[in-house]
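Report on the structure
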Amino acid sequence: MRALCWHGVNDLRVGRVADPEILNPHDVILRVTMSATCGSDLHFIDGFLPTMREGDVIGHEFMGEVVETGPEVRKVKKGDRVVVPSCIACGGCWYCEHDLFSLCDNTNPRWELQEPLLGYPTAGIFGYTHAFGGYAGSHAEYVRVPFADNGCFKVPEGLRDDQVIFISDAVPTGYMGADFCNIQPGDVVAVWGCGGVGLMAQKSAFLLGAERVIAIDRFPERLRLAREQIGAETLNYEEVDVVEALREMTGGRGPDACIDAVGMEAHGTTLDYTVDRVKQALHVVTDRGPALRQAILACRKGGTLSVLGVYGVMDTFPMGALMNKGLTVRTAQQHGHHYVPRLLELAAEGKLDSSFLLTHRLSLDEAPHGYDLFKHKEDGCVRAVFVP
Ligand SMILES: [Zn+2]
Ligand SMILES: [Zn+2]
């Protein structure tokens, strides 16, 4: 089959790879109907997340049609149209039973690559480095889905692919980030980042009862989406001092919750950004953290910091601000399996439309070009989607 493979830093190519096969009785094989770019892919494409190997198939936000099932698969059958969360979860371990699906104990066969850094390994993720299990990704004609009874969610009748595809990753990640904020009536929620995850965190904050949502980015067209599609107020961090502006907008108190939907390759205009850039280039750290530090400083005392952006190693972290201000920190890779059924319902009821994130629909052969558009935010690209 054809697939998009990683061949080195900033070197993606479409090539031929072996078709996936059922390896475990709980697997299914999916014919991919849509597979999307995600901002977290950029971290290993740019070479900041290690343990990629030449020829790895990438992609982790996808949906498709079941074409083959393992002998132990019970809930899905051939012909089902399904969406699959990006994290792989067994459904039966202690973590899965506690709805902490991205922390599943049974889906990362390469635990030895994570333990030194994290203490315990987390769940595997499709197409997302060998430290996350080395699973083949979804930018391909077919993909193997392990633990399919737990990971495949049937799509309700009447929803188009473009209304469903982002319920694999961007929507549940954003929704979880807002859910982490324990939003109360009257709350103000600030969200750093207006990519797919950030926009969905903003939308979810409103759905969960926020009174005001303030979106922060530097691209005018993304800020416009936040205003027009979500109803958020917006700040361009290249034009204003964000911490100062947020203080003013909240009567001197600061937002009740701050969500970081940016992660380790943040851009900034402050001195810490310049220092991070140098250290990152020298491989002293993997992360640039101006968005996260800003969120910690801007948050009201006793507020919640919700971190959705992906991080590796950062050395200048304002622990003093976090501790003295009494912030609650919530973070995780998405526990998609917990949220997807509700999100499919909201989509079917017309209350949560994520289809506007799809700005570029391309063939799989055009995928390297799609990543170029996506990475450089050219032509207003929010998410490029490949149709194999
Ligand atoms: Zn993602
Ligand atoms: Zn599990």
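To be clear, the structure that these remarks concern was listed above.
What counts, and at which threshold
Residues numbered from 1 in each chain as written. Chains lettered and ligands numbered in written order. Predicted model: local features only at pLDDT ≥ 70, side-chain atom pairs only at ≥ 80, totals over all residues. Heavy atoms only, no water. Helix = DSSP H or I, 4+ residues; strand = E, 2+ residues; numbered from the N terminus. Rg over C-alpha atoms; globule rule 2.2 N^0.38 Å. Buried < 20%, exposed > 50% of the residue type's maximum accessible area, 1.4 Å probe, protein only. Contact = heavy atoms within 4.5 Å. Areas by Shrake-Rupley, 256 points an atom, 1.4 Å probe, with all protein chains shown as cover. Lys, Arg positive; Asp, Glu negative; His and termini not counted. Charge placed at Lys NZ, Arg CZ, Asp CG, Glu CD. Core = buried A, V, L, I, M, F, W, Y, C linked by side-chain atoms within 4.5 Å. Pairing = 2+ DSSP bridges. Axes fitted to C-alpha atoms, helices over the stretch in contact; angles between N-to-C directions. 1 Å grid on protein atoms, 1.4 Å probe; cavity = no way out; pocket = protein on both sides within 12 Å on 5 of 7 lines; lining within 4 Å. Points joined across faces, edges and corners; volume = space filled by probe spheres on them. Nonpolar A, V, L, I, M, F, W, Y, C, P; charged D, E, K, R; others polar. Polar contact = N/O pair within 3.5 Å; in protein donor to acceptor, adjacent residues only side chain to side chain. Left-handed = near helix turned anticlockwise from the far one by under 90°.

1. With respect to the overall build of the protein
In terms of regular secondary structure, the protein is built from 14 helices and 18 strands. For the protein, whose C-alpha radius of gyration is 20 Å, the value lies close to the compact-globule estimate of 21 Å for 388 residues. Projecting the C-alpha coordinates of the protein onto the three principal axes gives extents of approximately 60 × 50 × 45 Å. Every one of the 388 residues in the protein was classed for burial, and the buried ones make up 57%. A separation threshold of at least 6 residues defines the contact pool for the protein, and within that pool the share at least 24 residues apart is 70%. Surface summary for the protein: the accessible area is close to 15800 Å², and the carbon and sulfur share equals 50%. Here the protein carries 36 positive and 51 negative side-chain charges, and the mean point of each set is 2 Å from the other.

2. Here we look at the environment of alanine 348
Note on placement: alanine 348 falls in helix α13 (residues 336-348). Among residues more than four places away in sequence, those in contact with alanine 348 are Pro156 and Leu159.

3. Regarding the nonpolar core
The biggest cluster of nonpolar side chains holds 52 residues, and the ones touching the most others in it are Val83, Phe166, Val189, Leu199, Leu343 and Leu357. Secondary structure elements with two or more residues in this core: β3 (28-36), α6 (170-179), β11 (188-192), α7 (196-207), β12 (212-217), α8 (220-230), β14 (257-260) and α13. In terms of residue count, α13 provides more of this core than any other element does, 6 residues in total. If sequence neighbours within four positions are ignored, leucine 357 has contacts with Phe166, Ala170, Gly196, Leu199, Met200, Val382 and Arg383. Counting 26 residues, the second-largest nonpolar core is a separate cluster that includes Leu4, Met52, Ala367 and Leu373.

4. Concerning the sheet that holds β12
As summarised here, the arrangement of the 6 strands in space is β13-β12-β11-β14-β15-β16, forming an open sheet in which the pairing is parallel. Looking at which strands have only one partner, the edges of the open sheet turn out to be β13 (233-236) and β16 (328-331). With direction set aside, neighbouring strand axes in the sheet form an average angle of 20°. As paired strands, β14 and strand β15 (residues 304-307) are joined by 4 bridges and run parallel to one another. Counterpart to aspartate 260 in the pairing with β15 is valine 307. On top of the sheet, α7 reaches β11, β12 and β14; it is set at about 170° to β12, its chief contact.

5. A short note on the layout of surface pockets
Any space left empty among the atoms is revealed by the rolling of a water-sized probe across them. As a volume, the second largest pocket reaches approximately 290 Å³. Around the second largest pocket, the lining is made up of 19 residues, and of these Ala18, Pro20, Glu21, Ala136 and Arg144 lie nearest the centre. For the lining of the second largest pocket, the element with the most residues is strand β9 (residues 142-145), which contributes 3 residues. Its residues placed into classes, the lining of the second largest pocket shows 13 nonpolar, 3 polar and 3 charged.

6. Digging into the side chain of serine 35
Looking at where serine 35 falls in the secondary structure, it is placed in strand β3. In this structure serine 35 comes out as buried when scored by relative accessible area, which is 1%. Reaching out from serine 35, the side chain makes a polar contact with the side chain of histidine 139 at a distance of 2.6 Å. If near-sequence neighbours (up to four positions away) are discounted, serine 35 is found in contact with Glu61, Phe62, Ser138, His139, Ile165, Ala384, Val385 and Phe386.

7. Side note on empty space enclosed by the protein
Counted under the stated rule, the structure contains 1 cavity of 30 Å³ or more. Volume-wise, the largest cavity comes out at about 40 Å³. For the largest cavity, the full set of lining residues is Val84, Pro85, Cys87, Ile88, Ala89, Phe126, Val145, Pro146, Phe147, Gly151 and His337. Among the residues forming the lining of the largest cavity, the class breakdown is 9 nonpolar, 2 polar and no charged.

8. Observations regarding the packing of helix α9 (residues 242-249) against helix α11 (residues 290-298)
Running from N to C, α9 and α11 point in directions that differ by 30°, and their axes come no closer than 9 Å. Read as a crossing pair, α9 and α11 show a hand that is right-handed. Contact residues: Val242, Val243 and Leu246 in α9; Gln294, Leu297 and Ala298 in α11. Tallied by class, residues from the contact of α9 with α11 come to 5 nonpolar, 1 polar and no charged.

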